[in-house]
Amino acid sequence: MATIPTRAIGTTGLAVPELGFGAASLGNLYQPVSDADARATLDAALDAGLRYIDTAPHYGRGLSERRVGEALRLVPDVVVSTKVGRLMDPDPSVTDDTERDGFRSPMPFRMRYDYTHDGILRSHEHSLQRLGLAHVDILYVHDIGGLVHGAEAGRYWEQLTTGGGLRALERLRDEGTIRAFGLGVNEIAVCLDAMREARLDVILLAGRYTLLEQHALDALLPACADAGTSIVVGGPYNSGILATGTKRGGPLHYDYGPPPEDIVARVRGIEAVADRHGVTLPAAALQFVLAHPQVASVIPGLGNPQRVAQTVDLYRESVPADFWAELRRERLVREDAPLPGDAA
Ligand SMILES: NC(=O)c1ccc[n+]([C@@H]2O[C@H](COP(=O)([O-])OP(=O)(O)OC[C@H]3O[C@@H](n4cnc5c(N)ncnc54)[C@H](OP(=O)(O)O)[C@@H]3O)[C@@H](O)[C@H]2O)c1
């Protein structure tokens, strides 16, 4: 088995490999993955040293958790995170492979939000049953905030705060049932709000600290440094465009939809610099976020064994210092963003 250096999760004593595995893909995100392919992908990831796996009840309404647990059950020393906030109620009408909430052929359940004290505890128990594991290491409060909940955001925030959701997570951590908790979200403001309510060990921040955007440098990353809260970077390719670049034919994906023009222009600018230095765009995307000292791990979405092998190569690709210097000079990344090699 290969090894990948580990980094600490807050002050918990838990450490994760700096390259991990985002298992939304294994819930059939946008495209079906067979059970055999899902297993081969996870086995390849574990062999390659990607021994931190992130899943969620939402990913195929339990399908990703089932597949992850099946592959991990007898494998020691793998860190697993899953999420809380969505409960799955049986739904016999889910029988075909229509895409539901972005996932093809989900399990026969319908989703219900519940961030209350009891909802969080129930969600955790259900996840253990689906995973077939006796424990998970990290729980993330999934998609709390206005981006997903719109006008309902206040109601769910009350459930999490005065309704005891955060208290339930603190209890699970205090009694040692889990090692760490935090939020798993695609937005920044709610992270700052939650940090005022509880001591978060780690935040899974998806798409908001990437080679394309660094607003998290303003308030969130400094707050995390003060509080000892780690960041796990989800969606490091902003859901695709930083992996594919702009030059291939076919649709481009940015934050789960088509990219606006200014984003395409920005990626083209980065691509031009990458081409001049012989650098692969997704290698730069992975290595850029790992240069921030608050980032514990980066977890790209991987859907087949070839992607796993390719991703390990990208993570290890040698990227010259001149490339990073030119990105900064051309203002294609923020001046205050730490770059690989800065500290050397
Ligand atoms: N709220 C939350 O907590 C939250 C939100 C979003 C994400 N996350 C976590 O972050 C993980 C990753 O996010 P994500 O999957 O949404 O986005 P992502 O990692 O930014 O992008 C995944 C996309 O990039 C493509 N890709 C990956 N490597 C590639 C390569 N080397 N060349 C070309 N294309 C490549 C994949 O295509 P293929 O399918 O063709 O491989 C897939 O479409 C999730 O699995 C989840 O664990 C959490």
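Our structure's up above, just so we're on the same page.
Residues numbered from 1 in each chain as written. Predicted model: local features only at pLDDT ≥ 70, side-chain atom pairs only at ≥ 80, totals over all residues. Heavy atoms only, no water.

Q: Would you mind going over the overall build of the chain with me for this structure?
A: For the chain, the count of helices and strands is 13 helices and 12 strands. The C-alpha atoms of the chain give a radius of gyration of 19 Å, which matches the 20 Å a tight globule of 344 residues would have. The C-alpha extent of the chain, read off along each of the three principal axes, is 55 × 45 × 40 Å. For the chain, the residues scored as buried account for 57% of the 344 residues in total. Counting only contacts in the chain whose residues sit at least 6 apart along the sequence, the fraction spanning at least 24 positions is 74%. By element, 50% of the accessible surface of the chain is carried by carbon and sulfur atoms, the whole surface being about 14200 Å². For the chain, the distance from the average site of its 34 positive side-chain charges to the average site of its 45 negative ones is 2 Å. (Helix = DSSP H or I, 4+ residues; strand = E, 2+ residues; numbered from the N terminus. Rg over C-alpha atoms; globule rule 2.2 N^0.38 Å. Buried < 20%, exposed > 50% of the residue type's maximum accessible area, 1.4 Å probe, protein only. Contact = heavy atoms within 4.5 Å. Areas by Shrake-Rupley, 256 points an atom, 1.4 Å probe, with all protein chains shown as cover. Lys, Arg positive; Asp, Glu negative; His and termini not counted. Charge placed at Lys NZ, Arg CZ, Asp CG, Glu CD.)

Q: Looking at this model, I keep getting lost on the site of the ligand. Mind explaining?
A: Inspection of the region around the ligand gives 30 residues, with Asp 54, Tyr 237, Tyr 256, Gly 301 and Arg 307 positioned closest. Measuring from an oxygen atom of the ligand, one finds a side-chain N or O atom of Arg 307 at 2.7 Å. Taking 910 Å² as the accessible area of the ligand by itself, protein coverage stands at 85%. Those elements that place two or more of their residues in the shell around the ligand are β9 (180–185), β10 (202–206), α9 (241–244) and α12 (305–316). (Near = heavy atom within 4 Å. Polar contact = N/O pair within 3.5 Å; in protein donor to acceptor, adjacent residues only side chain to side chain.)

Q: Please clarify how the pattern of salt bridges should be interpreted in this entry.
A: Two side chains that carry opposite charge are able to pair once their charged atoms sit near each other. Overall, the coordinates contain 25 salt bridges when judged by the stated rule. Here Asp 342 and Arg 328 are joined by a salt bridge, their closest N and O atoms 2.9 Å apart. Of this pair, Asp 342 sits in the segment after α13 (321–329) while Arg 328 is found in helix α13, placing the two residues 14 residues apart along the sequence. Beyond isolated ion pairs, a larger network of salt bridges with shared partners links Arg 173, Arg 199 and Asp 201. (Salt bridge = Lys/Arg side-chain N within 4 Å of Asp/Glu carboxyl O.)

Q: For this particular structure, what's the right way to read the pairing of strand β5 (residues 79–84)?
A: The two faces of the sheet receive side chains in turn, since in a regular strand these alternate between them. The buried fraction of β5 amounts to 6 of the 6 residues, a majority that puts the element mostly inside the structure. Side chains of β5 alternate between two faces, with Val 79, Ser 81 and Lys 83 and Val 80, Thr 82 and Val 84 buried alike. Sheet topology note: the strand β4 (residues 52–54)/β5 ladder contains 3 bridges and is parallel. The residue bridging Ile 53 from the neighbouring strand is Val 80, located in β5. Between the parallel pair β4 and β5, the chain is carried across by helix α2 (residues 63–72), and the sense of this crossover is right-handed. Examined bridge by bridge, β5 and strand β8 (residues 138–142) share 4 bridges and lie parallel to one another. Looking across to β8, one finds that Val 84 is bridged to Val 141. (Pairing = 2+ DSSP bridges. Right-handed = clockwise from strand over helix to strand, strands pointing away.)

Q: Please clarify how the layout of surface pockets should be interpreted in this entry.
A: Take a probe with the size of a water molecule and roll it over the atoms, and the empty space left behind shows itself. Counted as a void, the second largest pocket has a volume near 170 Å³. The wall of the second largest pocket is formed by Leu 72, Val 75, Val 78, Val 80, Leu 133, Ala 134, His 135 and Asp 137. Across the lining of the second largest pocket, the residue classes break down as 6 nonpolar, 1 polar and 1 charged. (1 Å grid on protein atoms, 1.4 Å probe; cavity = no way out; pocket = protein on both sides within 12 Å on 5 of 7 lines; lining within 4 Å. Points joined across faces, edges and corners; volume = space filled by probe spheres on them. Nonpolar A, V, L, I, M, F, W, Y, C, P; charged D, E, K, R; others polar.)

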